[in-house]
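# Working through the structure, step by step
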Amino acid sequence: MSKLPRLESTTALEELRTSIAALRNPERTVVSVCAGPGCIAFKGLEVARAFEKELVARGLSEKVGVSRTGCHGFCERGPSVVVLPRETCYQKVTPDDVAEIVETTLVNGGLVERLLYQGEDGPIELESEIPFYKNQQRVVFGGNKMIDPLSFADYLLQGGYKALAKALTTFEPSQVIDEVSDSGLRGRGGAGFSTGRKWKATANGPGDVRYVIVNADEGDPGAFMDRGILEGNPHSVIEGLMIAGYAIGSTEGYIYVRQEYPLAIEHVLHS
């Protein structure tokens with residue numbers, strides 16, 4: 001998208017969402033290529049470029065799109081490619097596999113079985129049926145394959161900023177805190193502290209100046225949940241920051257993220 005317009009109302013937000021949706025065919029085939037750090041390390045970006053080149057060469061680029069997305073989660077099986085909207089999932093894809101996927105799946109509607117997850121009863125086509133995914137409820141990361149983290153439009157089409165609009169137009173700040181408290185939402189760090197209690201304590205604290213700080217330092221060994229959401233869906237963090245700011249009476253917020261996460265920093269700054 002070009003420079004975003006200033007939105008003065010929920011009506012304007014929904015009109016923008018509708019206008020973006022009108023330009024997209026929900027049935028259009030999109031090749032979702034994981035571009036998280038793990039898949040990048042195994043030539044995920046080269047896979048995406050190979051798809052783009054092959055689709056152009058075969059005259060399919062108008063019918064089939066390619067999207068570079070955040071982490072799909074199953075890093076040990078990357079690079080991961082999900083063909084939407086059916087959600088055919090190919091794993092450990094290399095640039096040399098791309099022409100075969102285009103010919104077999106995108107042109108002829110078949111499957112490249114050697115690139116599917118191999119289950120106990122044979123190859124599994126759909127991502128949602130792979131045991132690693134099937135046994136999870138992916139509230140935070142589940143939408144990554146649908147969103148190019150550099151695309152505001154993608155986030156908007158997945159319902160982005162509806163929660164912020166509702167909070168600003170429907171609730172008083174104290175009511176937002178009550179809603180968050182009643183939801184049972186907790187921090188994702190080791191302590192699992194109540195988010196509602198934290199917001200209420202800040203809102204009722206002394207002084208007139210308050211700040212919202214998103215702690216994405218991620219000091220625990222082997223942790224990458226903060227990095228993953230900032231890299232794959234940065235607008236969701238920004239929307240949450242804005243809701244928190246409204247609830248506690250803050251007009252200034254910070255995202256604290258370590259220098260070792262350049263992709264997270266790039267995506268947040270782009271947003």
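Residues numbered from 1 in each chain as written. Predicted model: local features only at pLDDT ≥ 70, side-chain atom pairs only at ≥ 80, totals over all residues. Heavy atoms only, no water.

This part is about the packing of helix H9 (residues 195–203) against helix H11 (residues 234–248). Two elements in contact, H9 and H11, have axes separated by 9 Å at closest approach and are oriented at 45°. With respect to each other, H9 and H11 are oriented oblique. For the pair H9 and H11, the contacting residues are Trp199, Thr202 and Ala203 in the first and Ile243, Ala244, Ala247 and Ile248 in the second. For the contact of H9 with H11, a count of residues per class yields six nonpolar, one polar and no charged. (Axes fitted to C-alpha atoms, helices over the stretch in contact; angles between N-to-C directions. Helix = DSSP H or I, 4+ residues; strand = E, 2+ residues; numbered from the N terminus. Parallel < 35°, antiparallel > 145°, perpendicular 65-115°, else oblique. Contact = heavy atoms within 4.5 Å. Nonpolar A, V, L, I, M, F, W, Y, C, P; charged D, E, K, R; others polar.)

Here the bond from Gly78 into Pro79 is cis, since omega is -5°, no more than 30 degrees from zero. A positive phi angle, close to 70°, is found at Lys43, a residue other than glycine. Considering the arrangement of structural elements, one finds Lys43 in the loop between helix H2 (37–41) and helix H3 (44–57). Positive phi is not limited to glycine here, since Glu87 has a value of about 80°. Take Glu87: it is sitting in the loop between strand S3 (81–84) and strand S4 (88–90).

Take the environment of Gln136 next. Counting through the fold element by element, Gln136 comes out in the loop between helix H5 (131–134) and helix H6 (152–157). Side-chain polar atoms of Gln136 contact the backbone oxygen of Phe132, separated by 2.6 Å. (Polar contact = N/O pair within 3.5 Å; in protein donor to acceptor, adjacent residues only side chain to side chain.)

Attention now goes to the pairing of strand S1 (residues 29–34). As judged from the six bridges shared by S1 and strand S2 (residues 64–69), these two strands associate in the parallel manner. Within S2, the residue paired with Val33 across the bridge is Arg68. Here four bridges tie S1 to S3, and the two strands are oriented antiparallel to one another. Residue Val30 lies in a different strand from S3, and its bridge partner there is Leu84. (Pairing = 2+ DSSP bridges.)

A cluster of nonpolar side chains, Val209, Tyr211, Ile213, Tyr254 and Tyr256, forms an exposed patch at the surface whose accessible area comes to about 580 Å². Residue assignment for the nonpolar patch shows that the elements contributing at least two residues are strand S7 (211–216) and strand S8 (252–257). Along the chain, Tyr256 turns up in strand S8. (Patch = residues over 30% accessible without salt bridge, like charges linked within 9 Å, V, L, I, M, F, W, Y side chains within 5 Å. Areas by Shrake-Rupley, 256 points an atom, 1.4 Å probe, with all protein chains shown as cover. Salt bridge = Lys/Arg side-chain N within 4 Å of Asp/Glu carboxyl O.)

Let us look at the sheet that holds S4. The strand order across the open sheet built from four strands is S2-S1-S3-S4, with neighbouring strands paired in mixed fashion. In this open sheet, the two edge strands, each paired with only one partner strand, are S2 and S4. For this sheet the average axis-to-axis angle between neighbouring strands, irrespective of direction, equals 20°. Here S3 runs beside S4; their pairing, made up of three bridges, is antiparallel. Residue pairing for S4: Val83 is matched across the bridge by Thr88. Running at roughly 170° to S2, H3 makes contact with S1, S2 and S3 of the sheet.

With that out of the way, let us pick up the packing of aromatic side chains. All chains considered together, the criterion is met by seven aromatic pairs. Seen in terms of ring centroids, Phe74 and Tyr133 are 6.0 Å apart; in terms of plane orientation they differ by 90°. Their pairing is edge-to-face. Taken as a pair, Phe74 in the loop between S2 and S3 and Tyr133 in helix H5 lie far apart in primary sequence, 59 residues in all. Across the pair, Tyr133 and Phe74 agree in class, each one buried. (Phe/Tyr/Trp six-rings, centres within 6.5 Å; stacked < 30°, edge-to-face > 60°. Buried < 20%, exposed > 50% of the residue type's maximum accessible area, 1.4 Å probe, protein only.)

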